Every structure is written in structure tokens, then in C-alpha cells.
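Here are the chains, one letter per residue:
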Amino acid sequence: MIRPRLALVAAIFLCCAGTLGAQTRMPDWSGQWEIVGATPNASGGMVQSLDEVLKTMQWGPPNNPGTQAIVAEFQGIIRKRLEAIRSGTDPGGASGPTCTFGFPMVMLDSPLMFEALPTPKETVLIFSGREVRHVYTDGRQHTPKDELWATPWGDSIGHWEGQTLVMDTIAVKSPFSGIPPGRIPVIAIGARLEQEVITFLSPEAQFIERIHMRDKDHLEDQMTVIDPASLTAPWHLSRTYQRVAHLHRMVYEDCEGEDRNPVVNGHYTIVPPPSHTLGSTPAPINAPAGQPTAPN
Amino acid sequence: MIRRKLTLAIAIVAGCAAGVAATGQSTTLPDWSGQWENVGGTPDATGGFNQSLEQVLKEMEWSPPLNAATKAKVDAMQAGERKRLEAVARGENPADAFTACTFGYPGLMLDTPLMFEVLATPKETVLIFSSREIRHIYTDGRPHTPKDDLWATPWGDSIGHWEGDTLVMDTIAVKDEYGPPDAGSSVSAFGDVEGFLTIGILTQQAHFIERMRMIDPGHLEDQMTIVDPANLTAPWHMRRTYERVQHVHRMVYEDCEGEERNPIVNGKFTLAPPPSETQQPTPTPQPAPAAKTAPPAQSPPQ
């Protein structure tokens, strides 16, 4: 059983101009952000059911026939594995908890929270699984091919169009095992370990994103995936991230099984790890006082 | 044999100066963009250090004002560590060998072969190390996390403020990643590939104050003061300098699996893909690089 660990994020930003010579005005995206529709629950899974995730989030990839065949095959494998887990049988091939979702999953469907820090030359998105996207906005090109290799977060460059950060990412490699070799999975994740494979992209996939603040409590990312090897047309997706109101600093998951961020009455709370010694209260904190714990 | 795995950082930093558009404020911050590495902590091509342990002990500032009880503990630890070094020199493999990508604080600032980026924004500065260790320094005027919310971590709880172009950082609640729950942090000197010597041990109540600034376009400086009355007879002052890494222009994280990604060729860092990679994405799924305690293989989350 795989239990993604939650964490807590915190964000901030801004920027500067210093030796750049010109004053650069960067947006203030400070705070902690989480994907709308991917709320983590107290057991490390998702609050929303898979049906809800499929219905409320935008998916619908224009898979070509070859990709669709692979998707169908792996969906069958996943279904059997989940059935085995639920029946108490070890399905084999399953691994322990993971903190690494990789791109594009960190943007599309993960319970992780993140900070975003724009500066004139680089913007970083730091996720509570200690995954970091580095988006270089200093005018450079993508890393030359003879220096480039695929990673879980890819090679990203970007530029600002007003208050919108336009990101361009290539060279992505999935951190997941047990998937078609070289493919980049996009998976919808719901409560009770439910998953549905949406597509498997090729290693040549290119991702263009436009992220901006829609209002003071929401960021929006419009992503276009260009991958002629697996898609019949560019694939457009949109995700919204909401501000997490009750957490004010980054707390990283330790990837060892504890849940640090139970949701109490609809709000994230922070729980120290079992080894906690400094504070006097090992119980959840930041929860509204006097209210019962929400069900998982 | 202890082999702390190296990484390669690549930095970029940030820097800059400018202003906080949305809030209407204007804040000028220094430009610390680039990649930085600890002077004296230069990695070699095998995952260790270029400098010998003796060089590191001689050339870096150490000398903790340990109290008698702490000094006795450190002396005992050093005796064991020196025996272990002798065993390694004889070609033996110590039984307590381990591999780790997590240095934790304050080791990250004092003696590692890691490189790092600094991104400074008005409300927060982050230091991102090539081991995917990240220090978050909140400069939005907040106090430290209240005690009932606070627990020790390998990177501590940090707040800070700017005094001109100097970032003043204040860190508490630091715990060694590999120590018992009530342990504090430790300070070790590293040299060669496998040499290390414990210099000091600190409690979880240790308080760290740092003043970081750019002393010239190619160097950052960090002046650290450690206050820990339980283990020190006086504040412990240290200074470290970080030099700009010229030939690496992006962050490349260590995968903690043994590959050396940054061989030094003719005295300069270079980038090398892991053995499992080619310039085109590989047809073979690989374990995720990363998380300090990540499992050897991963499946889709949840």
C-alpha cells in the first residue's frame, strides 16, 4: 500500500532587481498552496473519491491508439493490484511509501503542498516531499542536449508575461517503477487508493505552463502538453491551487509513514513526528479549539 | 566507512533587489545568484573531499569552547573515529558504514561538498542544497514557531532579517537526522573520502545566529555564533566562506545512490549523467533519486 506523505508548505516571494540594473516587479505569491480537488486526508490518502477527481478535475487526454492501448493494459494491472490489496493479499510489486511524485504529477494531482518563490532570474516551487522545480528565467535556453538527461522534475526555463510565469519543461522521467519503460505517467488519484491511469507520455513530451494568481487565495496553472509520440493533439489542462490558511511554515514529510498533517474539521493540522521531543504537545496543533477530529 | 554522498548543485540564486509589487512595498535585496560551494569542502571525483582531514582541521575555523563534560564525550568519540580512520587506512571496512545524503544543519554550512543556491525574496530566503536539503529563513517579521508547534528537525526553525545587504539568520530546534529523538546536532570535520572527526556536540536547545553577506562578487561569507550553555562555556564563533562555482549553471541533485555526477576535470566541476542515463530518456525505469529515506523502488503514489 502506498501512502503519499503529506507535508506542509509555505510560500513566499518576491523580488528584485539588484544588479540586474532594472527594477523587476514580481508578484507576491507568498503562502502555502495545495491543489484544489486533491485534499489529503488524515491517513495520507486523498479526501476526494476517484470519481470526484475524474469528474471535477480536467483530464481528457487526446491519446493516440498506441497510448490508449498501453493505458488500458496498465489500468487492468492497477485494478487487479488494488483488488488484491483490499482482499488482504500481497499483490507483489508494490512498494512502500513514496514522497516523490515527479513532474507533471506534482502540479496535476498530489496531496503535497508547496511554496513558490519568484525571483528575477529563477522561480522555484518547493513541495513538501522535498521535490523542487527550478524554473530559470534569466533568458537561457534549455540545457544543451549533450549535457541533458531526464529527471523527475525535468529541465525548465521560463519568462514573465506581466504577472504570469510561462514555464517550458522538457526531459522528464518518472520516478515510478512498474510502468512502461521510459514513459511518463499521468494518474488520477482518489480516496481509498483508487487510481486511474490517464495517459503515458513519451520521453519527448514538452510541457508549457502559464501560472498566475487568479485572486488573492488562488493560483492557476494552465498546462499544455505537446507530445506527438503519444497524443494526437496538444493536451490542455488547468489546475487551481488554493491557499492553505492554517499553516505558516514548510514542514517536510519524512517519508517514513507518519502522517504529519491530519485534517481536523476541514483544516490542516500539524502533528510532530513520533520522535518529537521539543514541544510539550504531541497532539495535533493549529486545529480549531474544542472541535472533534474529522473522520479519515 | 562513512560516505556522505555528494551532489552537485548548481545554483542560481537570486538575488536581486526589487520589490514587492502586489503589496506595494519595495524591498531591495542583494543579488546572490549563482552556485556556491564551501571553501575547503571541495568534492573530489569519487564522492569524497579533495582536502585531507588534516587540511580541513588546520585551514577551517573550529575550536569549540566545550565544557568539561561535553569535551570528555567528544574526546571519546574522536578516539573511536580515529581508530576507524586507521582501520580504513588499513583497507578495512568499518562495521558501521552507512551512506547518507542528509548533512543537516549546521553541517550544511560548515563542511560539506554540496553546492547550493540562494533565493532571496522579501518574505523568505531559501538555501537549496544539492542533497535536496532546504533551509527556509522567514524574513516576514514572524517570531520563532511557538513551542507547542515546534519540534526539532535536521534544518531547524529559522527566522531572519536584513541589515543592509547582510542576512541575519536565527535558528533553533536542530536535531541530527541520524541521532536519537532527544539528540541535538553535531559538528564534524570531513576530509578525504571517508574521514571525519566530531568537533562538537550540541543540545536541541542550541541557538544559532548567522550573518551572511557577499564579500566580493565571487564569495559569500557566513559568520556563525552558536549559543548552547548546556554544552559550551561561551558562544562558539565560526566563519565560513563560499565560492562561486563557475562551470555549473543549473541545479542537479544527487540521487544518493552512489554515482558521482560532478567529476572534476582539470580542476573544474563538470556535469556527468548517472550511469543509468543517456542523453535521451532511458527505456529502463529507475528508482527515484532522492528522498533521504526513499524506498529503492517506487510505484505510483497512494
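Note that the structure is predicted; figures quoted are calculated from it, not measured. (Residues numbered from 1 in each chain as written. Chains lettered and ligands numbered in written order. Predicted model: local features only at pLDDT ≥ 70, side-chain atom pairs only at ≥ 80, totals over all residues.)

1. Digging into the overall build of chain A
Under the convention used in this document: Helix and strand assignments come from DSSP, with helices taken as H or I runs of at least 4 residues and strands as E runs of at least 2, each series counted from the N terminus. Whether a residue is buried, exposed or partly exposed is read from the other C-beta atoms within 10 Å of its own C-beta, which are placed from the backbone; 20 or more gives buried, 12 or fewer gives exposed, and intermediate counts give partly exposed. Residue pairs are scored as contacts if the distance between their C-beta atoms, which are placed from the backbone, is within 7 Å.
Along the backbone of chain A there are three helices and 14 strands. Per-residue burial for chain A yields a buried fraction of 53% across its 296 residues. For chain A, long-range pairs separated by at least 24 residues make up 57% of all intrachain contacts whose partners lie at least 6 apart in sequence.

2. Here we look at the overall build of chain B
What chain B contains, in helices and strands, is three helices and 17 strands. By residue count, 51% of the 302 residues in chain B fall in the buried class. In chain B, once contacts between residues fewer than 6 apart in sequence are set aside, the share between residues at least 24 apart is 56%.

3. A short note on the sheet that holds strand 3 (residues 113-118) of chain A
All names here are of chain A. Note the threshold: The pairing criterion for strands is at least two bridges between them, as found by DSSP. Fitted lines through C-alpha atoms serve as axes, helices being fitted only where they are in contact, and the angles separating the N-to-C directions of these axes extend from 0 to 180 degrees.
One closed barrel accounts for nine strands, arranged 2-3-4-5-6-7-10-11-12; its pairing is mixed. Strand-to-strand twist across the sheet, computed as the mean angle between neighbouring axes with direction ignored, equals 30 degrees. Pairing of strand 2 (residues 32-35) with strand 12 (residues 235-244) involves four bridges; the strand directions are antiparallel. Across the sheet, Q32 pairs through a bridge with V244, a residue of strand 12.

4. Quick look at the environment of B:R239
All names here are of chain B. Along the polypeptide, R239 turns up in strand 15 (residues 236-245). Each C-alpha atom, one on R239 and one on E221, is 7.2 Å from the other, the two residues being 18 residues apart in sequence. Once residues within four sequence positions are removed from consideration, R239 is found in contact with E61, E221 and Q223.

5. Regarding helix 2 (residues 68-89) of chain B
Because an α-helix completes one turn every 3.6 residues, residues spaced three or four positions apart along the sequence face the same direction. All names here are of chain B. This is how the line gets drawn: To estimate the expected span of a helix, count its residues, drop one, and scale the result by 1.5 Å.
Over its 22 residues, helix 2 runs 31 Å from end to end, which matches the ideal 32 Å to within 8%, given 1.5 Å per residue. Buried residues in helix 2 make contact with strand 12 (195-201). Of the residues flanking the end of helix 2, it is G91, one or two places downstream, whose phi is positive at about 90 degrees.

6. What about the sheet that holds strand 8 (residues 134-138) of chain B?
All names here are of chain B. Read once around its circumference, the closed barrel built from nine strands follows the order 4-6-7-8-9-10-13-14-15, with strand pairing classed as mixed. Direction aside, the axes of adjacent strands within the sheet are offset by 30 degrees on average. Bridge count between strand 10 (residues 166-172) and strand 13 (residues 207-216): five bridges; the pairing is antiparallel. Pairing of V168 across the sheet is with R211, part of strand 13.

7. Here we look at the pairing of strand 13 of chain B
Residue and element names in this part refer to chain B. Examined bridge by bridge, strand 13 and strand 14 (residues 219-227) share nine bridges and lie antiparallel to one another. Residue F208 lies in a different strand from strand 14, and its bridge partner there is I226. Connecting strand 13 to the antiparallel partner strand 14 that follows it, the hairpin turn spans two residues.

8. Observations concerning the confidence of the model for chain B
All names here are of chain B. The cut-off we apply is this: pLDDT is a residue-level measure of predictor confidence that goes from 0 to 100.
When pLDDT is averaged across chain B, the result is 76; 69% of the residues are at 70 or more. In this model, residues 1-26 is a region of pLDDT below 50 whose contacts with residues beyond four sequence positions or in other chains number 140 contacts. In this model residues 277-302 is a low-confidence stretch, pLDDT under 50, and it forms 88 contacts with partners more than four residues away in sequence or in other chains. As scored by the predictor, the complex reaches a pTM of 0.80 and an ipTM of 0.79.

9. Re the environment of B:P229
All names here are of chain B. Structurally, P229 can be placed in the loop between strand 14 and strand 15. A count of 13 C-beta atoms within 10 Å places P229 in the partly exposed class. Residues P229 and L202 lie 27 residues apart in sequence; the distance between their C-alpha atoms is 9.4 Å.

10. Side note on the environment of B:P235
Residues and elements named next belong to chain B. By the element assignment, P235 lies in the loop between strand 14 and strand 15. Judged by the 14 C-beta atoms lying within 10 Å of it, P235 falls in the partly exposed class. A C-alpha to C-alpha distance of 7.4 Å links P235 and P65, two positions 170 residues apart in sequence. Leaving out residues up to four positions away in the same chain, P235 has contacts with T225, I226 and V227.

11. Regarding the pairing of strand 9 (residues 157-163) of chain B
Residue and element names in this part refer to chain B. With two bridges joining them, strand 8 and strand 9 adopt parallel strand pairing. The partner of Y138 across the bridge, within strand 9, is I159. Bridging between strand 9 and strand 10 involves seven bridges; their strand directions are antiparallel. Its bridge partner lying in strand 10, W162 is registered against L167. Taken together, strand 9 and the strand that follows it, strand 10, pair antiparallel across an intervening segment of two residues, in which G164 is found at a positive phi of about 65 degrees.

12. Some remarks on unusual backbone geometry
Here A:F103 and A:P104 are connected by a cis peptide whose omega angle stands at 10 degrees. Among the secondary structure elements, A:P104 is positioned in the loop between helix 2 (65-86) and helix 3 (105-108). Even without being a glycine, B:R132 presents a positive backbone phi close to 65 degrees. Within the element layout of this structure, B:R132 appears in the loop between strand 7 (124-129) and strand 8. In this structure, B:A173 takes a positive phi of about 60 degrees despite not being glycine. One can find B:A173 in the loop between strand 10 and strand 11 (186-191). The exposure class of B:A173 is buried, given the 24 C-beta atoms found within 10 Å.

13. What about the confidence of the model for chain A?
All names here are of chain A. Overall, the prediction assigns chain A a mean pLDDT of 78, with 72% of residues at 70 or greater. Here residues 1-23 is a poorly scored stretch, pLDDT under 50, and it has 134 contacts once near neighbours within four places are set aside; other chains count. Below a pLDDT of 50 lies the segment residues 93-97, which in the model reaches 17 contacts outside its immediate sequence neighbourhood of four places, other chains included.

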